[in-house]
Amino acid sequence: MWERFTARAGRSAPTALDPLLRREIRRSFNAASHDEEHFPSTIDPRILHVQVLLKFFGNLTDKSVLDVGCGKGRFARVLLEENSGVKVSGLDISEEMLACVPAGIYRVAGMMTELPFAASAFDCVYATESLEHAVEIDRAVAEMCRVLKPGGKLVIIDKNAEHWGRFKTPAWERWFERRELEKLLERDCSSVRSEFLSYWEDVAPDGLFLVWFAQK
Ligand SMILES: C[S@@+](CC[C@H](N)C(=O)[O-])C[C@H]1O[C@@H](n2cnc3c(N)ncnc32)[C@H](O)[C@@H]1O
């Protein structure tokens, strides 16, 4: 069973996301949870999207990590397997996605624009291809920074606005300019950078994916 908005301490004001749109996004991802081809439960840990997280976070023994918009927990699963003593939490708007998250990961149903966690609750926070669905992007980034401890590390992997139109996307989806997210992260984090990201080490990035790194 997962938690629903239980850890209320330190929560910020409620999200302004329209309730009908919120319901539509949840419904859409609940349905997508049955599409294993496009929303897989696992990821090859050699893929650079995983490797950049592992490398930047470093040793996670006794650390607490939050996967924001975790889906079926494919990244959280690797973090758990690669680090003994880590406490990994996965938050998602879709209960049906969360139902696929493996045991050992603390599952939380909620919105990335009103994270149900106290300020400074996590050593590391990351969001892979989920911020693009947040609608209130500014607020979701502020929330991720809020729940990060001082000195904590944050990674966002998402798509580059310059490639917008490459795939069919739902009406609420947004992709990002490098500087756009860097500026949002710089409000709360001291060290912010971004780079292009490929899937494989021996393949040059095609510009679709970007990774943003920040330290609070
Ligand atoms: C493309 S999937 C990515 C899932 C996962 N991060 C991964 O890489 O496998 C986007 C995820 O974001 C979740 N999501 C969308 N909007 C959300 C919101 N406002 N708050 C929390 N999760 C959200 C969806 O339910 C979905 O699981």
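Structure first, text after, so check above.
Now for a look at the structure at hand.

Digging into the nonpolar core
Argument step 1. Judged by nonpolar contacts, the single largest core of 60 residues is most densely connected at V125, M144, V147 and L154.
Argument step 2. The greatest single-element share of this core, amounting to six residues, is contributed by strand β8 (residues 209-215).
Argument step 3. Beyond its immediate chain neighbours, meaning those up to four positions away, V147 contacts L66, L115, F117, A119, A121, F122 and V125.

Considering helix α6 (residues 178-186)
In an α-helix, one turn spans 3.6 residues, which is why side chains three or four residues apart end up on the same side.
Argument step 1. For α6, the full list of buried residues reads L181, L184 and L185. For α6, the buried positions fall inside an angular range of 100 degrees around the axis, keeping them on one side.
Argument step 2. Among the structural elements, α5 (137-146), β6 (148-159), β7 (191-197) and β8 are those in contact with the buried residues of α6.

Remarks on the pairing of strand β5 (residues 122-128)
Argument step 1. Most of β5 sits inside the fold, with six of its seven residues counted as buried.
Argument step 2. In the sheet, strand β2 (residues 64-68) pairs with β5 via three bridges, with the strands oriented parallel. Within β5, the residue paired with L66 across the bridge is V125.
Argument step 3. Relative to β6, β5 runs parallel, the two sharing six bridges. When the bridges of β6 are listed, C124 appears paired with K153.
Argument step 4. Tracing the backbone out of β5, into α5 and back to the parallel element β6 gives a crossover that is right-handed.

Here is what the cut-offs are and how they apply
- Residues numbered from 1 in each chain as written.
- Predicted model: local features only at pLDDT ≥ 70, side-chain atom pairs only at ≥ 80, totals over all residues.
- Core = buried A, V, L, I, M, F, W, Y, C linked by C-beta atoms within 7 Å.
- Buried ≥ 20, exposed ≤ 12 C-beta atoms within 10 Å, placed from the backbone.
- Helix = DSSP H or I, 4+ residues; strand = E, 2+ residues; numbered from the N terminus.
- Contact = placed C-beta atoms within 7 Å.
- Arc of directions from axis to C-beta.
- Pairing = 2+ DSSP bridges.
- Right-handed = clockwise from strand over helix to strand, strands pointing away.

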